[in-house]
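Single-letter residue listing:
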Amino acid sequence: MSTHPRLVVHTIPQERWPTRDEAARALWFQPIALGPRVHARNRTWVPAMVPWRATDEGEVTQDNLQWYGRFAQGKPGVLVVEATGIRDVPSGPLLRIGHDRFVPGLRRLVEEVRSRSEGKTRLFIQLIDFLSIRRRPDAEKFFDRFLAPSGHHREHLSLLDGDAAWLERPDDDVRVRLKQLDDAGLERVLTPRELESLRFGARERVTDMELPHIRALPAVLPQLFEDAARRARAAGFDGVELHFAHAYTMASFLSRLNTRDDGYGGSLEERARLPLEVFHAVHAAVGDQMAVGCRMLSHEAIEGGSTEEDARFFALHFARAGMDFISLSKGGKFEDARQPKVGESAYPYTGRSGHECMPTVRSDERGPLGRNLHLAHEVRAALRGAGLQMPVVGAGGVVGFQMAEEALQRGDCDVVAAARQSLADPDWFLKVEHGRGAEVRRCKLTNYCEALDQKHKKVTCQLWDHVAVPDEGEVARDGRRRLVAPQWKA
Ligand SMILES: Cc1cc2nc3c(=O)[nH]c(=O)nc-3n(C[C@H](O)[C@H](O)[C@H](O)COP(=O)(O)O)c2cc1C
Ligand code: SF4
């Protein structure tokens, strides 16, 4: 079987937009309970998207307020704030919630969204933990600074060169010889992990049990998530979404690739153990006032990774534990990421699993539209079959009303999320609701936005840049991109 399906460029079909009355009757615009205390006015949802607009210290900026305020103007049922770091460690211009000093800024963000949505949008925040990943090193630097010459290298050099003297040679000689080797030679002498660190940049895994801080993750993460959730409550958020998806720590615990031997890896039950402990800690701390759910993968889309079978198991356990919702995504892993350039970091949305996460029009025959909803259907069917009513949020290539409505009617999910379409046109839910769907600026699914994310640049949409409006004040530092979507009068 070919691992490279033929790619074709798909077109985004014309949409038949509903009238105002049709929209009012549509399932998508009916209210939904997300747990006992939080009700969304409808089933539209803007999932988390990092905009690269925080300060380097992780604080909320004016740009953040504009970004989230602009989404709020479209009055989605739920808006989820970007993956926000639960530790008090530097992570570039991404939001953080790892200390009480972040609360006042986050409170301003909550107030902005409340006011610009006229109280209609429920605001959640996605809480993330991630492990360290280094940029791809220059080879010279890698051998001089990062690699510790070992018996393994000496043994394999002696075999490669047919010279037993290598077994006794000093470190500096080993480094010099390693630098001379071509790819085939390096593949014989370095360990697979060292090769990966050289070619992609060193990346920690939850299975690195020899590292004390990795071994200790189950001991520290429940408290870190709990503290972050308390701060989210103090800032006034309506809910927290625990980030159990994509390439990050908690998803790695859930993954089939998690072979930890400390009771937190291996079997499905053991892989679900830490996510459940995190959920219980957060739920006990804030669950009487906020919605507490997670984002998780319906399929990892990598070799040896978890599939929908695993997702069904986790969803059942999370629902039985009392989770208020699950939001499903797919793929987005480091394991199949493209090799970065020297000095850049690997980006988990560049390989096949990345395409499954944010599918573009350049796709296999199934195309990008609603690509992952059938997986949500399977997960939801398992829940309902077990008598569990936890709402399921579906996403992936939703760029029109009919598709969203049909997904709900079919029972694929209870809420339909749209990330890029909402970026292209933050007012699109409102336009559809008002029977003015013909005015929707439709996402092209070509991932200009995602390329900016990959470069750690302020995310914008290519379509905003081509719309002339008088209020254009905010432009990116390169002077070419506007930072906020053009205005629309409801
Ligand atoms: C610029 C950008 C940033 C994103 N950041 C996040 C994030 O912080 N957390 C997350 O769970 N997903 C993130 N995603 C993935 C989206 O939430 C969504 O799952 C994905 O884009 C597929 O949905 P769509 O087809 O509606 O765009 C991001 C997507 C984009 C385009
Ligand atoms: S940049 Fe392209 S893919 Fe991203 S939201 Fe805009 S139109 Fe859609």
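Not measured: the values here are computed from a predicted model.

Caption draft 1: The site of ligand 1, seen in detail. In the vicinity of ligand 1 lie 24 residues, with Pro47, Ala48, Ala83, Ala419 and Arg420 positioned nearest. Where the shell around ligand 1 is concerned, the elements lending two or more residues are β5 (78-85), α17 (420-424) and α19 (448-454). Counting residues per element, the shell around ligand 1 draws most heavily on α19, at three residues. Across the shell around ligand 1, the residue classes break down as 14 nonpolar, five polar and five charged.

Caption draft 2: Broad picture of the site of ligand 2. Taken together, 13 residues lie around ligand 2, and Arg420, Cys443, Tyr448, Cys449 and Cys461 are the ones closest in. When contributions to the shell around ligand 2 are tallied by element, the ones reaching two or more residues are α17 and α19. The residue inventory of the shell around ligand 2, partitioned by class, reads eight nonpolar, three polar and two charged.

Caption draft 3: Region of the structure containing helix α8 (residues 192-200). All of the buried residues in α8 are Glu194, Leu198 and Phe200. Residues of α8 that are buried in the fold lie against α4 (139-146). Gly201 sits one or two residues past α8 and shows a positive phi near 100 degrees.

Caption draft 4: Summary view of the nonpolar core. Counting residues in each nonpolar core, the largest one holds 119 residues, and the members touching the most others are Val240 and Ile326. Non-local contacts of Ile326, meaning those with residues more than four positions away in its chain, are made with Gly293, Cys294, Met296, Ala315, Phe318, Met390, Val392 and Val393. In this structure, Phe142, Phe143, Val174 and Leu190 belong to the second largest nonpolar core, which totals nine residues.

Caption draft 5: Focus on helix α15 (residues 373-385). Between its first and last C-alpha atoms α15 spans 18 Å; for 13 residues at 1.5 Å apiece the expected length is 18 Å, and the two agree. In this structure, the buried side of α15 is in contact with β8 (291-299), α13 (308-321), β9 (326-330), β11 (392-394) and α16 (401-410).

Caption draft 6: Summary view of the sheet that holds β11. In spatial order, the strands read β4-β5-β6-β7-β8-β9-β11-β12; together these eight strands close into a barrel with parallel pairing. This sheet shows a mean twist of 30 degrees between the axes of neighbouring strands, independent of strand direction. Note: strand β7 (residues 239-244) against β8, six bridges, orientation parallel. Paired with Glu241 across the two strands is Gly293, which belongs to β8. Strand contacts of α13: β8 and β9, with the helix running at about 165 degrees to β8, the strand carrying the most contacts.

Caption draft 7: Spatial organisation of the domain arrangement of the protein chain. Partitioning the protein chain into structural domains gives domain 1 (8-131 + 238-466) and domain 2 (139-200). Here domain 1 and domain 2 have C-alpha centroids that lie 43 Å from each other.

Caption draft 8: Spotlight on the environment of Pro192. Position of Pro192 among the secondary structure elements: in helix α8. We classify Pro192 as exposed; it has 8 C-beta atoms within 10 Å. For the pair Pro192 and Thr44, spaced 148 residues apart in the sequence, the C-alpha separation amounts to 45 Å.

Caption draft 9: Molecular detail of the environment of Ala407. Tracing the chain through its elements places Ala407 in helix α16. Of the residues examined, Ala407 has 25 C-beta atoms within 10 Å and is grouped as buried. Measuring from C-alpha to C-alpha, the distance between Ala407 and His374 comes to 8.9 Å, with 33 residues separating the pair along the chain.

Caption draft 10: Seen up close, the pairing of β9. With five of five residues buried, β9 lies mostly within the body of the structure. Alternating positions in β9 separate into two faces, Ile326, Leu328 and Lys330 on one and Ser327 and Ser329 on the other, with burial throughout.

Rules and cut-offs
- Residues numbered from 1 in each chain as written.
- Chains lettered and ligands numbered in written order.
- Predicted model: local features only at pLDDT ≥ 70, side-chain atom pairs only at ≥ 80, totals over all residues.
- Near = placed C-beta within 6 Å.
- Helix = DSSP H or I, 4+ residues; strand = E, 2+ residues; numbered from the N terminus.
- Nonpolar A, V, L, I, M, F, W, Y, C, P; charged D, E, K, R; others polar.
- Buried ≥ 20, exposed ≤ 12 C-beta atoms within 10 Å, placed from the backbone.
- Contact = placed C-beta atoms within 7 Å.
- Core = buried A, V, L, I, M, F, W, Y, C linked by C-beta atoms within 7 Å.
- Expected span 1.5 Å × (residues − 1).
- Pairing = 2+ DSSP bridges.
- Axes fitted to C-alpha atoms, helices over the stretch in contact; angles between N-to-C directions.
- Domains from an automatic or database assignment.

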